[in-house]
Every structure is written in C-alpha cells, then in structure tokens.
Amino acid sequence: MCGIVGYIGKKQAAPILLEGLKKLEYRGYDSAGIAVRGEQGIEVVKTPGRLSNLVEKTAGGALLKGTVGIGHTRWATHGGPSECNAHPHCSADGAVTVVHNGILENFRELKEKLKKSGYEFGSETDTEVIAALIGYYYSKCGDPLRAISRFMRRARGAYALAVLFRDFKDEIFISRKDSPMIVGVGEGEMFIASDVPAILNHTRTVYYVDNLEMARLCADGVVFYHADGEVTEKEPVTVDMDPSAAEKDGWEHFMIKEIHEQPRAVSETFHRYVQGGKIDFSEAGVEEDILKPSHIVIVGCGSAYHVGAVLQYVIEELARIPVRVELASEFRYRNFIFEENTLVVAVSQSGETADTLAAVREAKAHGVKTLAIVNVQGSSIAREADYTLFTVAGAEIAVATTKAYSAQLIVGYLLALEFARLNGKMGEKEYASALAEIDSLPEKMKKILDSKAEYQKFAAEHLGVHDVFMIGRGVDYAVCMEGALKLKEVSYVHTEAYAAGELKHGTISLIEEGTLVVGVLSRDSIAEKTASNLEEVVSRGANVVSLVREGCSAQHSQPGTVWTVPSVAECFAASLLVLPLQLLSYYVSVQLGHDVDKPRNLAKSVTVE
Ligand code: F6R
C-alpha cells in the first residue's frame, strides 16, 4: 500500500529517499513526499501524482541538502490524493514530522479532542492527527520515545511510523503495529523501509521491527524498545532477495516478466520441499501429527483465496479430509465454529495482508494450529503462524499476482499429498506418480508461454468486449475465479466467474449478442456438462472460448475458439489452465493502454481493512 523509506548517514539523503520510493512504486500510491533535515531545519516537499513529479520538484533530490530524511508514497485513505494530504505531516509547532502507513481507526475521536484544545488541522488525514498527538505528548515530556509510547497507548488501528523530532537532529524514530517496517544496516549509515526492495541496493542486513515495537536510529546503530519503553535485544538477518527481481530485465512490464517466471518459481518451490522422491517440510518444523488434521480451513484474500478454492478440491479428492475455504475478511469476524483437530492454512504472498494476519491470530486465540504459505520472508504472517512454508516465487512486483499464485498452488499440492499419505488414502505408487505430475508442470507451462501470440491476437480481436463470464465446475470453477479477477483488475473489463451449473439460475439473462464466455473444461467426468452450458450461451448470442486440458473428453467437440493446455493429472490442471487467462488479461490491459503493473485503485499489499 503506502511506502516508507528513511536514511541517516553521511550521504545526501534526498536522492536515496527518492530511489527507495521508486522501488516501492509497485505497491500503489497516488502522492509522494519527503522530509530532509537541512541547516535551516526540517524541509518538507510533497506532490500529488507520480513520483516523477517529486523528482522534478526537488531536481532529483539535489535541492534538499541534508543527511537525515524520511520519505513516503501515499495511497489515499483519509482525504483525496492532494499535495496537502500527502505525507510527511508536521505538528503545528513543527516539532514533529511524521510519515505513516496504515489507518488510525480512532482518528476522529482524537482529532475532536485536539480541536477542542485549540489545535487546527490543515489536512483531512489521520496522519496529521498522529503528528499532532505525538507533538502534544512531546510538548509535555520532552522525550521522543515517551511521546511515541503514549501515542501507541492511545492509538487504535494499524501503523508504521517514521518520525523526525526537530530537537533531535541526528536521529530517526520509528514504531509499528500491524504494518511492516524494517531497519537496514550499512557502514556508518542506517535505513528504514516498509519493504525490503526499497533498500536492497544499499544493504542486505536488516532487522525486522516487531509488532508494538519502537526504535531509535542514528548513523551508527539502532536501539529497539517495547512500546512500554523497555529495551529489547534482536539480531539482524541477511535477506537473500535478488535485487534484479525489482528490475524489468528487458521485459516491457513486470506482469509479463513474472508470468514467464512461473516455470522457475514452480520448479524452485517444488525442489525446496521435495528431495529424493520424498516431501520434506522439516525445515519449517512441520511434524507428522500437524499433517493429520480432521478438518482444514484455508483462509486468504483475493488470489490467495482462489488458491484455497483450488486446494479445497485437491485436498478433499486426494486426502478425503473436509476442507472449508474462507475469505479472511469474513472469517475473522464470524465467530467461527472450530471442529476438534482443525488446521488453519493461511495463504498470502506478502505475508502482510491485514485480514489474513487477523485470521491467523483469531485461529491461534482459539488454540487452533496455523500453517502459513507465504512468499515474503520475515513478514508478519510468516512470523506469527505456528508453521510457515515459503514459496520460492522471488519478489513479485506487478500488483496483479501471477507467479506467487502458481507457487502457492505447488506448496498446496505437496500438502495435499502429505495429508493423503498420512490419512492412508495414497499408496507409494500413487504418491510417486503424483509427484512426477507436479514435477512435469514447469515444462508444460513453458509450452503454453511459447504460444502466447495466440492469446495476444485473441485479445486484439476482442478489445471492445464489455462483459465476460468464465464458467466451469470443480477445480475449473476455481480457475475461473482467478481468471476473472485477473482480467477485471488489470483490464477494467467487467468479468464474472460462475459455477457453470449455476448460470441458469438467473445470470444467463445477462448473456446477449457479443458477450464473451470462457468455459474451462479439464475434468472428464463433468466436461460434457460444462460443454452443454456453453452451447446454451452460444444459442443466446455469446462468443465462446473453450479452455481445455489436452486429452480431456471434451477436447474435440467445442463450439467457438478452443485453447488447449498440455495433458496433466486432473488434480493439478489448475496450474496450467490459469496461464492462458493470465496472458489474456495482460494483453487486453496493455492493448487498452492501461498501466498493467499498477492498475487503478489497487495496492500490492493490503495492510488495512
Ligand atoms: C490479485 C491480487 C490480490 C492478492 C490479495 C492477497 O492479483 O494480487 O487479490 O492476492 O490482495 O494478497 P496476499 O497474497 O499478499 O495476502
């Protein structure tokens, strides 16, 4: 969502802040600003719109002299994306300057109280309330940490804060609750960031700031504190993220680069956990009794939820253990009835999605074991879940997920196999052949990617389409859910996923001349039924595409355009079927002239509710 960067050292801060903010652009934002401590005090420059506006206004940072600074890209929540609402925000007396990620939920109440005591606000933001409140406490105690600590006691909601105090020239103060923040360690210089890519060009040695923690940084080091002011000890870690992941490497967009990285992501994720024909989750401390649940609940948001939708079918089919898939945002508030011996599986690329994190906490509060499938090391969900299995997708920069989705499926399949083996539902031979099928996916994915021109051409021919339906049954329906989300989020074309058998119960009235219907057919036992549903929409004027698994009984008798993916065991077909839909979405978006890597209104990591 929003992004934070900070620098303290001997170099000019502003260019470093701008470079870091550039690396965070992919998270989504609509205004940006920096504050640098110069000889005349703290200077703040902000602009609405693209970061390039800020770069221009500061001559690439050259106009702001000073070696201490904080920067921010804002994704508007309270108040529109204007210069006035952009961060940093200062307290009225200028003593405190703040950038903030997250949402201060009780900001209205706090704002009213401050107003009653005569405080005047210049923006509509919750962040200005934070600056004002910390400023108020600071004016009473003169101690930055005590002021932040008192703020933390009053605040409700999520925040990662970076604060400059006018009277503490060579220090930056930070604190966080439910919104990520890291500290990077350099030689005689320190960095802060909301996300690793922002500082990867400078250091790989980082501290992960814990929830409800504060820190005080100078050029030579950092001290961490609990929210109550007590010093805490922690060790830095070395991050192994490849800095080139945040570069386009000659590709036109991150999304198409990441679509092409899927065979590698799938292969590396598979080989992380499969050696010598055996699945081994011991690096995550996952022991056999964890893999013998009586019930499984999978939680996630957006595409991660769609991974759960696929895995529900796969796990139930292979392991015969009942699975429920829950939207994390619903699950967290519904007073869920946990059956005995339930395992909650949380799926998240970022590991920071507020609702998924809350779902993990909710399960743990009920004494239920939690296992996370996460891409970002050191993220909140990875640290809070009882067990974490990492996907090896690498940094995902495009807002619309592709390679993380595919890598999550692989971990899910391996879990399904282990559940099945330990539940006595899969013999050695079936187990080995299922592993071989999963291992064959990367080569088959490459074949689909080789025929991308087909999807590009189709996209060009159907740019005028207003309504798209994607229909299927079982796993095919779960693939439709992901395909529909992809198409609508990057191309802004209205698209709905429908369980094929449900269409007749109302929605078919929307089918008219020119509606595009994509049918997904990979399962022999039910493909014919979806095929009949396609015939029904054809006779009502729809243009139809059939996306078929090679060898599926439905392969040869489809109306309209037929797209085929290589043959694979039905259970794992989702990994191939999703690729044409990703490519279609990408090409429609690009040909319509949209910003495919940063679709409007979206953010990469949704750290607020
Ligand atoms: C869609 C997309 C989102 C995310 C969702 C969850 O392309 O990327 O729907 O899947 O916001 O994010 P994570 O996986 O980070 O929890």
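Source: prediction; values computed, not measured. (Residues numbered from 1 in each chain as written. Predicted model: local features only at pLDDT ≥ 70, side-chain atom pairs only at ≥ 80, totals over all residues. Heavy atoms only, no water.)

Details of the overall build of the chain
- Looking only at helices and strands, the chain has 18 helices and 27 strands in total.
- Taking the principal axes of its C-alpha atoms as reference, the chain extends roughly 75 × 55 × 45 Å.
- Relative to its 609 residues, the chain shows a buried fraction of 61%.
- Considering only contacts in the chain between residues 6 or more positions apart, those separated by 24 or more positions represent 70%. (Helix = DSSP H or I, 4+ residues; strand = E, 2+ residues; numbered from the N terminus. Buried < 20%, exposed > 50% of the residue type's maximum accessible area, 1.4 Å probe, protein only. Contact = heavy atoms within 4.5 Å.)

As for the domain arrangement of the chain
- Segmenting the chain into domains produces domain 1 (3–244), domain 2 (253–439) and domain 3 (444–596).
- Taking only C-alpha atoms, the centre of domain 2 and the centre of domain 3 are 25 Å apart.
- With 30 residues of domain 2 in contact, the opposing surface of domain 3 contributes 30 residues.
- Summing both partners gives a buried area of about 2600 Å² for domain 2 against domain 3, and 70% of it is carried by carbon and sulfur.
- Connecting domain 2 to domain 3 are one salt bridge.
- The shortest N-O distance in the salt bridge between Glu-317 and Arg-523 comes to 2.7 Å.
- In this structure, the connection of domain 2 to domain 3 is made through 10 residue pairs in polar contact (both at pLDDT 80 or more).
- Secondary-structure elements contributing two or more residues to the side of domain 2 that touches domain 3 are α6 (254–260), α7 (262–273), α8 (302–319), α12 (403–422) and α13 (428–439).
- Of the residues in the side of domain 2 that touches domain 3, the class split is 19 nonpolar, nine polar and two charged. (Domains from an automatic or database assignment. Buried area = accessible area lost by both parts, 1.4 Å probe. Salt bridge = Lys/Arg side-chain N within 4 Å of Asp/Glu carboxyl O. Polar contact = N/O pair within 3.5 Å; in protein donor to acceptor, adjacent residues only side chain to side chain. Nonpolar A, V, L, I, M, F, W, Y, C, P; charged D, E, K, R; others polar.)

Describing the layout of surface pockets
- Estimated volume of the largest pocket: approximately 780 Å³.
- Along its surface, the largest pocket is lined by 45 residues, and Met-241, Asn-375, Val-376, Gly-394 and Ala-395 are the ones closest to its centre.
- Elements with a minimum of two residues in the lining of the largest pocket: β15 (237–238), α7 and α11 (380–384).
- Looking at the lining of the largest pocket residue by residue, the classes come out as 16 nonpolar, 13 polar and 16 charged.
- The residue makeup of the lining of the largest pocket includes at least three contributed by each of domain 1 (3–244) and domain 2 (253–439).
- Approximately 580 Å³ is the volume found for the second largest pocket. (1 Å grid on protein atoms, 1.4 Å probe; cavity = no way out; pocket = protein on both sides within 12 Å on 5 of 7 lines; lining within 4 Å. Points joined across faces, edges and corners; volume = space filled by probe spheres on them.)

Observations concerning a positive patch on the surface
- A cluster of basic residues, Lys-113, Lys-116, Lys-140, Arg-146, Arg-150, Arg-153 and Arg-154, forms a positive patch on the protein surface.
- Elements with a minimum of two residues in the positive patch: α3 (107–116) and α5 (144–154).
- Residue contributions to the positive patch peak at four residues, all from α5.
- If you trace the backbone, Lys-116 turns up in helix α3. (Patch = residues over 30% accessible without salt bridge, like charges linked within 9 Å, V, L, I, M, F, W, Y side chains within 5 Å. Areas by Shrake-Rupley, 256 points an atom, 1.4 Å probe, with all protein chains shown as cover. Lys, Arg positive; Asp, Glu negative; His and termini not counted. Charge placed at Lys NZ, Arg CZ, Asp CG, Glu CD.)

As for the site of the ligand
- Around the ligand, the surrounding shell holds 14 residues, and the nearest of these are Ser-348, Gln-349, Ser-350, Thr-353 and Glu-489.
- Contact between the ligand and Ser-303: an oxygen atom at 3.1 Å from a main-chain N or O atom of the residue.
- About the coverage of the ligand: the protein hides 89% of its 400 Å² of free accessible area.
- With respect to the detected pockets, the ligand is housed in the second largest pocket.
- For the shell around the ligand, the secondary-structure elements that each account for two or more residues are α8 and α16 (475–491).
- Here the residues of the shell around the ligand sort into five nonpolar, seven polar and two charged.
- Taken domain by domain, the makeup of the shell around the ligand includes at least three residues from each of domain 2 (253–439) and domain 3 (444–596). (Near = heavy atom within 4 Å. Sits in = over half its atoms within 2 Å of the grid points.)

Points about the packing of α3 against helix α4 (residues 126–141)
- Running from N to C, α3 and α4 cross one another at 50°; their axes reach a closest spacing of 10 Å. Judged by the inter-axis angle, α3 sits oblique to α4. In this structure, the crossing between α3 and α4 has a hand that is left-handed. On α4, the residues touching Phe-107, Leu-110, Lys-111 and Leu-114 of α3 are Asp-126, Val-129, Ala-132, Leu-133 and Tyr-136.
- For the contact of α3 with α4, the class distribution of residues is seven nonpolar, no polar and two charged. (Axes fitted to C-alpha atoms, helices over the stretch in contact; angles between N-to-C directions. Parallel < 35°, antiparallel > 145°, perpendicular 65-115°, else oblique. Left-handed = near helix turned anticlockwise from the far one by under 90°.)

Looking at the packing of α12 against helix α18 (residues 574–591)
- Where α12 meets α18, the closest approach of the two axes is 10 Å, and the angle between their N-to-C directions is 170°. Here α12 lies roughly antiparallel to α18, going by the angle between them. Contact residues: Tyr-405, Ser-406, Leu-409, Ile-410 and Tyr-413 in α12; Ala-574, Ser-575, Val-578 and Gln-582 in α18.
- Considering only residue class, the contact of α12 with α18 consists of six nonpolar, three polar and no charged.

A short note on the pairing of strand β12 (residues 213–218)
- As paired strands, strand β8 (residues 172–177) and β12 are joined by five bridges and run antiparallel to one another. Within β12, the position partnered with Ile-172 by the bridge is Leu-217.
- Relative to strand β13 (residues 221–226), β12 is paired through six bridges, and the arrangement is antiparallel. Each bridged residue has a counterpart across the sheet, and for Cys-218 the counterpart in β13 is Gly-221.
- The loop that links β12 with its antiparallel partner β13 comprises two residues. (Pairing = 2+ DSSP bridges.)

A few points about the packing of aromatic side chains
- Applying the stated criterion across every chain yields a total of 17 aromatic pairs.
- Between Tyr-138 and Phe-165, the aromatic rings sit 5.0 Å apart at their centres with planes inclined by 55°, giving tilted as the arrangement. Pair noted here: Tyr-138 is in helix α4 and Phe-165 is in strand β7 (residues 157–165), with a separation of 27 residues, a long-range link. For the pair shown, Tyr-138 and Phe-165 are each scored as buried.
- On the numbers, 6.4 Å between centres and 70° between planes, the contact of Tyr-138 with Phe-168 is edge-to-face. (Phe/Tyr/Trp six-rings, centres within 6.5 Å; stacked < 30°, edge-to-face > 60°.)

Overview of α13
- With 12 residues, α13 ought to run about 16 Å at 1.5 Å a step, and its terminal C-alpha atoms sit 16 Å apart, in line with that.
- All of the buried residues along α13 are Tyr-431, Ala-434, Leu-435 and Ile-438. Down the axis of α13, the smallest arc covering the buried residues is 100°, so these residues share one side.
- In this structure, the buried residues of α13 make contact with α7, β16 (274–275), β17 (278–279), α12 and α14 (441–450). (Expected span 1.5 Å × (residues − 1). Arc of directions from axis to C-beta.)

Examining unusual backbone geometry
- With an omega of 0°, the peptide bond running from His-87 to Pro-88 counts as cis.
- By secondary structure assignment, the location of Pro-88 is in the loop between β4 (68–74) and β5 (89–90).
- Phi at Ala-59 takes a positive value of approximately 50°, unusual for a residue other than glycine.
- With respect to the secondary-structure elements, Ala-59 resides in the loop between α2 (51–57) and β4.

Concerning the pattern of salt bridges
- Summed over the entire model, instances satisfying the criterion amount to 33 salt bridges.
- With a closest N to O distance of 3.5 Å, Lys-177 and Asp-178 form a salt bridge.
- You can call Asp-178 buried: its relative accessible area is 16%.
- Lys-234 is paired through a salt bridge with Glu-213; the nearest N and O atoms lie 2.7 Å apart. Taken as a pair, Lys-234 in the loop between β14 (231–232) and β15 and Glu-213 in strand β12 lie far apart in primary sequence, 21 residues in all. Grouping residues by exposure puts Lys-234 and Glu-213 together as buried.
- Here the salt bridges share partners, and the residues they tie into one network are Lys-177, Asp-178, Arg-361 and Glu-384.

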